[in-house]
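Read off the chains here:
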Amino acid sequence: MSRLLLIGLAAVSACAPVYVPNVRNSPMFTKAGEFQTSLQIGNGWEAQSAYAVTDHFGVMANFSYIHQTGFDPDHADDFLRHNLLEGGLGYFSNNNDSFFEVFAGYGRGKGSSYDQYEFFGTQAAVATGRYNRYFLQPAFGLNKDELNVSFAPRFSMVDFYEFSTELYSTAVYEKPKFFFEPAIIGRANFANNHLFATFQAGASLGMSSAVYFDRRNFQVSAGLGLRLGGYKKLVSRL
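Residues numbered from 1 in each chain as written. Predicted model: local features only at pLDDT ≥ 70, side-chain atom pairs only at ≥ 80, totals over all residues. Heavy atoms only, no water.

A word on the nonpolar core. If you look at the biggest cluster of nonpolar residues, it comprises 11 residues: Val18, Tyr19, Leu84, Tyr131, Val158, Phe160, Phe163, Val172, Phe179, Tyr212 and Phe213. The dominant element in this core, judged by the number of residues it contributes, is strand S7 (residues 147–164), at 3 residues. Of all hydrophobic cores here, the second largest spans 7 residues; its members include Ala52, Met60, Phe103 and Phe135. (Core = buried A, V, L, I, M, F, W, Y, C linked by side-chain atoms within 4.5 Å. Buried < 20%, exposed > 50% of the residue type's maximum accessible area, 1.4 Å probe, protein only. Helix = DSSP H or I, 4+ residues; strand = E, 2+ residues; numbered from the N terminus.)

If you want it as structure tokens, here you go:
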């Protein structure tokens, strides 16, 4: 399954994306004390976690990791290494069958690929770009017993501050670039709502002009998750 996902991603992605958006973490919390964690395959390996601190505020942490083949000059387009670690804070409101949430956060990433970079002249090279990313992610959807669905239109600001090869390193003074990164997320719950299967499809659409780095335009993922606490239907109080 994971091999088919990676083949599909390669078919719709840029040749050498130095920025690879991670999948969206939409917790769809129901109450305080709920903890979630999941592992997904898609862009690469995606680990997500989230905790509802109160009935309306939560935190999250996400990690994305890609190590796609060793470098082979005859198959340079297959070379890609990327990782991103981020954290976020958010507000959520759950009205029994529906929910709304908004999370904001910050992360640091590093992507390596083989391409022709303007920073190093006309010759193609394996280069690594390091960046900061800030995001704002509202989401809304349905919280049913068997199935959860979320639409998460994330807005990301990506700011590369350095590009380097084995021999050279240069600071980047370009302005940060903005992206609209919407996604549809689905979860099928089982084991009395303690386990869930999750799947997601999303896109990364440029909002800034003159984006000087390649990125992955589409993302899909699938995986399994664990939920502890929370997820009890809210009871109306008269």
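Text resumes after the structure shown.
This part takes up the pattern of salt bridges. Applying the stated criterion across every chain yields a total of 5 salt bridges. With a shortest N-O distance of 3.3 Å, arginine 227 and glutamate 34 are connected by a salt bridge. Residue arginine 227 is found in strand S12 (residues 218–228), and its partner glutamate 34 is found in the loop between helix H1 (2–12) and strand S1 (35–41); the two are separated by 193 residues along the sequence. On the basis of relative accessible area, arginine 227 is assigned to the buried category, the value being 2%. With a shortest N-O distance of 2.6 Å, glutamate 86 and arginine 133 are connected by a salt bridge. Of this pair, glutamate 86 sits in strand S4 (residues 80–95) while arginine 133 sits in strand S6 (residues 124–143), placing them 47 residues apart in sequence. Accessibility assignment for this pair places glutamate 86 and arginine 133 in one class, buried. (Salt bridge = Lys/Arg side-chain N within 4 Å of Asp/Glu carboxyl O.)

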